[in-house]
Amino acid sequence: MSNGAPAAAELAINGGAPVRDRPLPYGHHCIEDEDVQAVVEVLRSDWLTTGPNVREFEEAFAAAVGARYAVSFSSGTAALQGAVFAADVRAGDEGVTSPLTFCASANCLLYQGATPVFADVCDDTLTLDPDAVARRITLRTKVLLPVDYAGHPAEMDAIMTAADRHGLVVIEDASHALGATYRGRRVGSIAHMSVFSFHPVKHITTGEGGMVTTDRPEYAQRLRRFRSHGIEYAPDRRRREPWYYEMVCLGYNYRLTDIGSVLGRSQLRRLDANLAARRKLAKAYDVALGTLPAIRLPEVRGDVEPAWHIYPVRLWLERLTADRATIFRALRAENIGVQVHYIPVYLHPYYRRRFGSLQGHCPVAEEAYSRLISFPLFHGMTDRDLEDVVQALAKVVRAYSQ
Ligand SMILES: *Cc1c(COP(=O)(O)O)cnc(C)c1O
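The rules we used
Each chain has its residues counted from 1, following the order in which its sequence is written. Side-chain atom pairs in this predicted model are given and counted only at pLDDT of 80 or more, local residue features only at pLDDT of at least 70, and totals for whole chains, interfaces and linings cover all residues. As a rule here, side-chain values come from all non-hydrogen atoms in the structure, and water together with hydrogens is ignored. Domain extents, as shown, originate in an automatic or database domain assignment. Every residue pair with non-hydrogen atoms within 4.5 Å of one another is taken to be in contact. Note: buried area is the sum, over both parts, of the accessible area (probe 1.4 Å) each one loses when the two are combined. Note on definitions: salt bridges are taken to be side-chain nitrogens of Lys or Arg within 4 Å of carboxyl oxygens of Asp or Glu. By the criteria applied, helices consist of DSSP H or I runs no shorter than four residues and strands consist of E runs no shorter than two, each listed in order from the N terminus. Multiply 1.5 Å by the residue count of a helix minus one, and that product is the helix's expected span. Classification of residues uses two cut-offs on accessible area relative to the type maximum, computed with a 1.4 Å probe and protein chains only: under 20% is buried, over 50% is exposed, and between them is partly exposed. Directions are taken from the helix axis to each C-beta atom, and the arc is the one they span. Per-residue confidence from the predictor is given as pLDDT, running between 0 and 100. For this description, a residue counts as near a given molecule or strand if any of its non-hydrogen atoms is within 4 Å of it. Think of a polar contact as two N or O atoms within 3.5 Å of one another; within protein, one of them needs to be a possible hydrogen donor and the other a possible acceptor, and neighboring residues in sequence only count if both atoms come from side chains. Accessible areas in this description were obtained via Shrake-Rupley with a 1.4 Å probe; residue shielding takes into account the shown protein chains only. Only Asp, Glu, Lys and Arg are considered charged, only Ala, Val, Leu, Ile, Met, Phe, Trp, Tyr, Cys and Pro nonpolar, and every remaining residue, Gly among them, polar. Each aromatic pair joins two rings of Phe, Tyr and Trp (for Trp, the six-membered one) with centres within 6.5 Å, and gets the label stacked for planes under 30 degrees apart, edge-to-face for over 60, and tilted for any other angle. Charge-over-ring placement is defined geometrically: NZ (Lys) or CZ (Arg) within 6 Å of the ring centre, and within 35 degrees of the ring normal.

Enquirer: Quick question: what am I supposed to make of the domain arrangement of the protein chain here?
Expert: When the parts come together, some accessible area is lost, and that loss is often what is quoted as the size of the interface. Along its sequence, the protein chain is carved into domain 1 (12-29 + 271-399) and domain 2 (33-268). For domain 1 and domain 2, the distance between their C-alpha centres works out to 27 Å. Taken residue by residue, the interface counts 42 residues in domain 1 and 42 residues in domain 2. Summing both partners gives a buried area of about 3,600 Å² for domain 1 against domain 2, and 59% of it is carried by carbon and sulfur. Counting the surface domain 1 buries against domain 2, the share from its top three residues, Leu271, Arg301 and Tyr342, is 20%. The partner of aspartate 124 in a salt bridge is arginine 301, and the shortest N-O contact between them spans 2.6 Å. Of all the secondary structure elements, the ones that give two or more residues to the side of domain 1 that touches domain 2 are α9 (271-289), β13 (304-305), β14 (311-315), α11 (349-355) and α12 (363-369).

Now the structure itself:
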């Protein structure tokens with residue numbers, strides 16, 4: 001440098017040494033010896049699927065979130081579809097959901113012949129804006145499907161009130177929010193049905209798996225039928241032949257295995273510790289990144305305790321000399337596994353083809369999308385990992401600041 005200032009570290013994207021030698025993923029599972037032990041025991045038992053561990057995991061999960069029933073599924077996506085079925089959504093019906101989510105939150109409506117309708121999000125939390133939802137409700141609307149973006153609960157009281165007013169069912173996509181609370185209530189005990197995912201990047205894992213929680217026995221019954229071919233396994237056996245069962249609706253094989261269930265049960269015992277670790281990391285990010293003028297931190301309302309599935313920041317692009325893609329590539333080159341959550345669902349080619357261009361339909365979500373970058377956040381992350389992210393971001397932001 002000609003002005004005598006100490007040379008800033010060369011960016012890895014320009015051939016400099018990366019901050020880390022090995023890539024840090026944005027999310028990662030954590031498997032302990034006790035998990036392995038539990039799975040091995042099941043592998044040596046009589047039940048690999050639909051055995052005692054399924055029921056035990058469901059009961060423990062229902063208790064953990066404060067719901068009467070929990071019905072497990074082979075994935076969070078299957079669980080979402082099951083919830084849409086249980087809500088009696090049919091061809092021609094509409095469901096209002098967020099565009100700023102994983103596509104499964106909307107696809108579940110398409111699977112059952114319904115149409116996803118996208119309402120915009122609040123600028124602070126990036127969860128569904130209840131006023132925007134109200135404007136999208138029509139005579140065909142059957143369900144509202146809020147998403148707890150990043151683990152921050154959606155505005156559930158306003159959404160439940162709107163649903164009551166119009167006779168709608170609320171399915172909360174709580175895939176990011178296991179362990180979060182909203183106005184002192186646990187996510188999983190608020191909506192008519194709440195859906196969780198046990199994909200390895202989520203708070204607890206079963207490999208693949210999902211769960212729906214509800215307080216209503218009729219939903220629980222429909223969910224159980226749907227995940228197992230539409231079969232009712234316990235018709236009145238006294239009046240029937242002993243082999244008798246009946247298929248009463250069109251279902252699928254969406255069952256969670258005993259192997260997955262025992263892993264989930266074991267993981268659930270560490271949920272509080274996982275949450276504490278994620279909250280500590282989020283706080284550390286807040287402190288370390290709060291001084292960077294080019295970064296807008298994720299915002300938390302006063303009436304929630306988020307579960308921190310991801311840590312999404314927004315870039316003040318006006319204060320940077322590079323666009324989001326360049327910052328993103330520069331961070332990846334430093335071996336920081338950044339991600340973007342999410343491309344607004346209706347901008348995907350399939351949705352464009354099917355519903356036409358909806359560009360500009362949800363301006364807050366689209367504006368957020370153009371600025372978002374998620375930083376690594378998982379309960380097994382070390383202090384050193386976190387320091388690497390902060391150092392890499394400071395390095396990249398400094399290089400591209402005006
Ligand atoms: C993870 C996730 C799902 C479900 O995913 P599966 O991989 O099918 O378990 C649904 N919605 C959101 C918002 C998710 O993050």
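Right, picking up where we left off after that structure.
Enquirer: How do you make sense of α9 when you look at a structure like this?
Expert: One turn of an α-helix holds 3.6 residues; hence residues three or four places apart share an orientation. With 19 residues, α9 extends 27 Å between its outermost C-alpha atoms, agreeing within 8% with the 27 Å of an ideal straight helix rising 1.5 Å per residue. Considered for burial, the residues of α9 that qualify are Leu271, Asn274, Leu275, Arg278, Leu281, Ala282, Tyr285 and Leu289. The arc that holds every buried residue of α9, seen down its axis, measures 130°, which confines them to one face. Away from the buried face of α9 by more than 90 degrees, exposed residues Asp272, Ala273, Lys280, Lys283 and Val287 are located.

Enquirer: Help me understand the confidence of the model for the protein chain in this model?
Expert: In regions of low pLDDT, the predicted coordinates are not meant to be interpreted in detail. Here the protein chain averages 95 in pLDDT, while 97% of its residues score no lower than 70. Overall, residues 1-6 carries pLDDT values under 50, and its contacts beyond four positions in sequence, including any with other chains, amount to 1 contact.

Enquirer: Just checking my understanding: could you explain the pattern of salt bridges for this structure?
Expert: Proximity of charged atoms lets side chains of opposite charge pair with each other. If you walk through the whole model with that rule in mind, you get 24 salt bridges. As a salt-bridge pair, arginine 296 and aspartate 123 come within 2.9 Å of each other at their nearest N and O atoms. Taken together, the positions of arginine 296 in strand β12 (residues 295-296) and aspartate 123 in the loop between β3 (115-118) and α5 (130-136) put the pair 173 residues apart, joining distant regions of the chain. The salt bridge partner of arginine 296 is glutamate 299, with a shortest N-O separation of 2.9 Å. Within the structure, one salt-bridge network assembled from shared partners comprises Arg20, Arg384, Asp385 and Asp388.

Enquirer: Would you take a moment to explain the site of the ligand for this structure?
Expert: Surrounding the ligand, one finds 15 residues, the nearest of these being Thr77, Asp173, His176, Ser197 and Lys202. The contact in question runs from a nitrogen atom of the ligand to an N or O atom on the side chain of serine 175, over 3.4 Å. The side chain of lysine 202 places a nitrogen or oxygen atom 3.1 Å from an oxygen atom of the ligand. Considered on its own, the ligand offers 380 Å² of accessible surface; in the complex 92% of this is hidden by protein. In terms of residue count, the dominant contributor to the shell around the ligand is helix α3 (residues 76-86) (3 residues). Along the lines of polarity and charge, the residues of the shell around the ligand split into 3 nonpolar, 10 polar and 2 charged.

Enquirer: Quick question: what am I supposed to make of the packing of aromatic side chains here?
Expert: Each aromatic ring pair is described using two quantities: the centre-to-centre distance and the angle formed by the ring planes. With the rule as written, the count across this model stands at 16 aromatic pairs. Centroid distance phenylalanine 61 to phenylalanine 198: 5.5 Å. Interplanar angle 70°. Geometry classified as edge-to-face. With phenylalanine 61 in helix α2 (residues 52-65) and phenylalanine 198 in the loop between β8 (193-197) and β9 (210-214), this pair connects stretches of sequence that are 137 residues apart. With a centroid separation of 4.9 Å and an interplanar angle of 5°, the aromatic rings of tyrosine 252 and tyrosine 254 are classed as stacked. Note on tyrosine 254: relative accessible area 17%, which makes it buried. Every member of this aromatic cluster is reached through a ring pair, and the members are Phe118, Tyr346, Tyr350, Tyr351 and Phe355. Just above the ring of phenylalanine 85 sits the side chain of arginine 222; from NZ or CZ to the centre is 4.4 Å.

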